[in-house]
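Listed here are the chains, written in short residue letters.
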Amino acid sequence: ASLEHAAAVAATENPNASRVVMKALDFAQLGLMRLAFPESSIIVVLRDPRAVAISLFRERFQDNHLFPFKFSLIDIAAHIEDYFAFFDQWEASREFMAPIQFLSYESLVSDPHPTVKGLLAGLRLANTDEDVQACLKFWQNERRTTATASNERVREPVFALSATRWENYRHFLK
């Protein structure tokens, strides 16, 4: 997603929303996002790179310009390497850049309660057990707008299959 898309979502899809979640943000635009939304929190969910590669390779995106590299496992691997190099550089420049809260996808699916509690605390949001439970029941929220490749998944409880699905394709990954 682009900066223009983020602004459009914030302004038009739900003008009263206090938060906008950009699931597929192009990491190269992160600095621009920080400039456009200086008070925003940035959360990066890190997944096992092999799980990311298989997920991207298997998904049929309606908007392929966001992921032009997804048609080749070699291109996906190069993109993932760039991704981690970018965040290594961001972290190395921490005194100049806004902090990022990194969240492990595998921890989120295997032990969601403490992971969500830590996420809420990092966002300076209420993080009582009731708040955490409300977050864990995200699929029951009928009011939110969702337009992602996984728009059906966000209407279901968290499941751990996608964290290990890559193992079925181990022989294709190096």
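Our subject is the structure that appears above.
The rules behind these values
Residues numbered from 1 in each chain as written. Predicted model: local features only at pLDDT ≥ 70, side-chain atom pairs only at ≥ 80, totals over all residues. Heavy atoms only, no water. Helix = DSSP H or I, 4+ residues; strand = E, 2+ residues; numbered from the N terminus. Buried < 20%, exposed > 50% of the residue type's maximum accessible area, 1.4 Å probe, protein only. Contact = heavy atoms within 4.5 Å. Expected span 1.5 Å × (residues − 1). Arc of directions from axis to C-beta. Axes fitted to C-alpha atoms, helices over the stretch in contact; angles between N-to-C directions. Parallel < 35°, antiparallel > 145°, perpendicular 65-115°, else oblique. Left-handed = near helix turned anticlockwise from the far one by under 90°. Nonpolar A, V, L, I, M, F, W, Y, C, P; charged D, E, K, R; others polar. Salt bridge = Lys/Arg side-chain N within 4 Å of Asp/Glu carboxyl O. Core = buried A, V, L, I, M, F, W, Y, C linked by side-chain atoms within 4.5 Å. Phe/Tyr/Trp six-rings, centres within 6.5 Å; stacked < 30°, edge-to-face > 60°.

The next point concerns the overall build of the protein chain. Helices and strands together make up the secondary structure of the protein chain, namely 8 helices and 2 strands. Order of helices (α) and strands (β) in the protein chain, N terminus to C terminus: α-α-β-α-α-β-α-α-α-α. The 174 residues of the protein chain split such that 27% are buried. Looking at the protein chain alone, contacts between residues at least 24 apart form 51% of all its contacts between residues at least 6 apart.

Take helix H4 (residues 73-92) next. In this model H4 runs 28 Å from its N-terminal to its C-terminal C-alpha over 20 residues, within 8% of the 28 Å that 1.5 Å per residue would give. Every buried residue of H4 is accounted for by Ile-76, Ile-80, Tyr-83, Phe-87 and Trp-90. For H4, the buried positions fall inside an angular range of 85° around the axis, keeping them on one side. Facing away from the buried side of H4 by over 90 degrees, the exposed positions are Ile-74, Glu-81, Asp-88 and Ala-92. Buried-residue contacts for H4 involve helix H2 (30-36), strand S1 (43-46), helix H3 (49-58) and strand S2 (101-104).

Turning our attention to the packing of H3 against H4. Two numbers describe how H3 lies on H4: the axes approach to 10 Å, and their chain directions differ by 135°. One finds that H3 runs oblique with respect to H4. The handedness of the crossing between H3 and H4 is right-handed. Of H4, the residues touching H3 (which contributes Pro-49, Val-52, Ala-53, Leu-56 and Phe-57) are Leu-73, Ile-76, Ile-80 and Phe-84. When grouped by side-chain class, the residues that make up the contact of H3 with H4 number 9 nonpolar, no polar and no charged.

This part covers the pattern of salt bridges. Inspection of every chain in the model, using the stated rule, returns 1 salt bridge. Close ionic contact of Asp-48 with Arg-50 constitutes a salt bridge, the shortest N to O distance being 2.6 Å. A residue is classified by how much of its surface remains accessible, and Asp-48, at 17% relative accessible area, is buried. Here Arg-50 falls in the partly exposed class, since its relative accessible area comes to 36%.

Ala-51, Ala-53, Ile-54, Leu-56, Phe-69, Ile-76, Ile-80, Trp-166 and Leu-173 together form the largest nonpolar core, which totals 9 residues. Where this core is concerned, the elements lending two or more residues are H3 and H4. Those residues in contact with Ile-80, other than ones at most four positions away along the chain, are Pro-49, Val-52 and Ala-53. Within the second largest apolar cluster, 8 residues are counted, among which are Phe-27, Tyr-83, Phe-87 and Ile-100.

In this section: the packing of aromatic side chains. Under the counting rule described, the total for this entry stands at 5 aromatic pairs. Ring centres of Tyr-83 and Phe-87 lie 4.9 Å apart, and the angle between their planes is 75°; this geometry places the pair in the edge-to-face category. In this pair, Tyr-83 and Phe-87 both sit in helix H4, 4 residues apart, roughly one turn of the helix. Of the two residues, Tyr-83 and Phe-87, both sit in the buried class. On the basis of an interplanar angle of 90° and a centroid distance of 5.7 Å, the ring pair of Phe-87 and Phe-102 is categorised as edge-to-face. Taken together, the positions of Phe-87 in helix H4 and Phe-102 in strand S2 put the pair 15 residues apart, joining distant regions of the chain.

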